[in-house]
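Listed here are the chains, written in short residue letters.
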Amino acid sequence: MIVSTVLCPLVLLLTGLLALVTCPHSKVEESFNLQATHDLFYHGVRPAWRSAVSQQRQQSTTGMTSCSSGVDESSDVCTELTSSELPYDHLQFPGVVPRTFTGAFLLSLIARIISFIVPKTIFDLHSHPMAVQFLIRFEILIFSWLAHVRLANSFEGYLSNKQVQSKKPHDGSYAPQISVFGYYLLITASQFHIPFYSSRLLPNTFALLLTTHAYAEWFNGRPERAAIYLVFTTAIFRCDVLLLLFTVGLTMLIRRELRIVQALIIGAVTGIIGVLITTPIDSLLWQRMVWPEFEVWWFNAVDNRSSEWGVMPFHWYMSNALPKGLLLTLFLVPLAFLNLTGWTKETLPPKQEANNNTGHTPAVIDQTLLPFFAPTLGFVMMYSFLPHKEMRFIFPVLPMFNACAAYGLSKLHSMAVSAGEGRLRFVSKGLYICGLMAVVITMIGSLLFLRLSIENYPGGVALEHLKNHFETTMEIKTQQRAPKWEDVSVHIDVAAAMTGVSLFGQRSITQNYPIQMSKSGYEAENNAKDPSRYYTHLLSEEQPVKGYHIIDTIDGFPSLDIRKRRIVMQPAIYILERDGWLPKEYIIRGTERKCNWHYMVTASIGFIIAATLGSHKCYRKRTK
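These numbers were taken from a predicted model, which means no experiment stands behind them. (Residues numbered from 1 in each chain as written. Predicted model: local features only at pLDDT ≥ 70, side-chain atom pairs only at ≥ 80, totals over all residues. Heavy atoms only, no water.)

Asks: Residues and numbers for the packing of aromatic side chains, please.
Replies: Within the structure shown, the criterion is met by 28 aromatic pairs. Both rings, one in phenylalanine 373 and one in phenylalanine 401, keep their centres 4.9 Å apart while their planes meet at 70 degrees; by these two values the pair is edge-to-face. With phenylalanine 373 in helix 18 (residues 370-383) and phenylalanine 401 in helix 19 (residues 398-418), this pair connects stretches of sequence that are 28 residues apart. We note that phenylalanine 373, like phenylalanine 401, is buried. Sitting over the face of the ring of phenylalanine 372, arginine 255 holds its NZ or CZ atom 5.5 Å from the ring centroid. Against the face of tyrosine 42 rests arginine 507, its NZ or CZ located 3.9 Å from the ring centre. (Phe/Tyr/Trp six-rings, centres within 6.5 Å; stacked < 30°, edge-to-face > 60°. Helix = DSSP H or I, 4+ residues; strand = E, 2+ residues; numbered from the N terminus. Buried < 20%, exposed > 50% of the residue type's maximum accessible area, 1.4 Å probe, protein only. Lys NZ or Arg CZ within 6 Å of the ring centre and 35° of its normal.)

This is the structure:
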């Protein structure tokens, strides 16, 4: 192996942890699950259950529920019940389509168990909201990491079994499998998207986790379990995985890994179980009967309204998304389908060729991974017909692309190890070094992406600075103009709410100061037109605001200026304070922002050292 079984998984875990530490905030795409974990951790499902029981009792006594026949759904009674009485963020900010609470419920349950186990005298988790947020994101990071380690192990086992089962194991069809396990984890760690999003509560992250397990089961020779994973993913987390289920299922039927009747039974039974799992918890918390992914499918496929969020050309996934996601490791993918070992044998000197002649001509194409890669490529092509495109939509195919890249790099390694003397040895080693450099350069590019991403959360940073401002204000000793915290109220506009503000961050302020906090949403009913009339502090993308002064400015919208070799940013969020809230002599402008470069430097050095030591150890190892 290129790296020991301990170092390679550790490198992948550290890169994911680096992204978690340096980018602790979240954006709008993951806000639903993040806010849901907050509500379920601090409030649980008891308020929703009491509301459902109350409605059921009212129905049994009056013959109707408060939001059914006899009362219009948009009436004040219904609104008061769902938005005012229940302490759930999603009822006030429902978003475009409903999402499932299954993942958020499991993560918050684990966090509650940990909070119960750890004595409060040692650490009171409930009183540290940002620690709870970190813990919940760390949980899904660990689950994602274990899924990729399992896939790497299954992938290496599949290739090893292929060599053993082959009647002609040295005919060039299968290159000696040196450290495919390590190469897969190393390539995955060198990229940006999987380590970065492994700790983020996107529905796509949950789907990526389960599809990675599906690939592992497929490599282990258990197609039934692989199909079960894909059906569960489709029914609960992402309905678009239905396309991957179709391409993978069709491949399994063609290869006779599954029978038609067997596939139908698996789909029907697993689908029903998935609906029975997701519907009760979702219907309880949404306060209506709902299967979230069915409504998402209807929104995208039937109504075709996803184009309202932007349209990309058909080739965007192939020409933009995949090159950006894989960077230089993309060039290793085609090598998985070329018989490099066979070509090497054809270029051997005559004597050595005679000694290695087995009486047959090696094939040009290596079909080892073709049955696994073709369905994922078909998924990308089918998804390209949908007008609205985002990189996260094709997350489920990245593990298979990385597996192919790892297989291609292992072939270059095999050539470098088994090559003889002379020009062939020089060329083989040169190609192998180029393959390793592709991984290293990809890692450098990913660190640059990470550095840019750090500046992508001005709303979360603004909330941190506002908290620091309040802490500094507490230290002001003045008898004439002491601020009254009961009269303090903060308004967060849409731009700030979508770029890092979370309920965990809000709670970290409100639990220490008796202030009121509210935020706007893109929904019409949540878009406050003139919040300046009611609030003492604003987090806003707009300035100037009459009656307020700026106490801090948070930059955002990062871009790389290649000529100046620096990151260029623009003012994104302004922290505004009502005039007269503090005496002028006590007005503090700006707070120092913490730099996270030391995390990045440490991870980079560790990555390079681990790769160098592992490569040296592996290079000294020769095949028999």
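Still more ground to cover, so stick around.
Asks: How would you sum up the side chain of serine 51? Please name residues and give values.
Replies: Counting through the fold element by element, serine 51 comes out in helix 3 (residues 46-62). A distance of 2.8 Å separates a polar atom in the side chain of serine 51 from a polar atom in the side chain of glutamine 287. (Polar contact = N/O pair within 3.5 Å; in protein donor to acceptor, adjacent residues only side chain to side chain.)

Asks: How would you sum up the sheet that holds strand 1 (residues 489-492)? Please name residues and give values.
Replies: Spatial ordering of the open sheet is given by 2-1-3-5-4, a layout of 5 strands whose pairing is mixed. The open sheet has two edge strands, strand 2 (516-519) and strand 4 (548-561), and neither has a second partner. Looking at each pair of strands side by side, their axes are set apart by 20 degrees on average, direction ignored. Here strand 1 pairs with strand 3 (residues 537-540) via 3 bridges, running parallel. Counterpart to histidine 491 in the pairing with strand 3 is leucine 538. Most of the contacts of helix 23 (residues 503-510) go to strand 2, to which it runs at about 160 degrees, and overall it touches strand 1 and strand 2. (Pairing = 2+ DSSP bridges. Axes fitted to C-alpha atoms, helices over the stretch in contact; angles between N-to-C directions. Contact = heavy atoms within 4.5 Å.)

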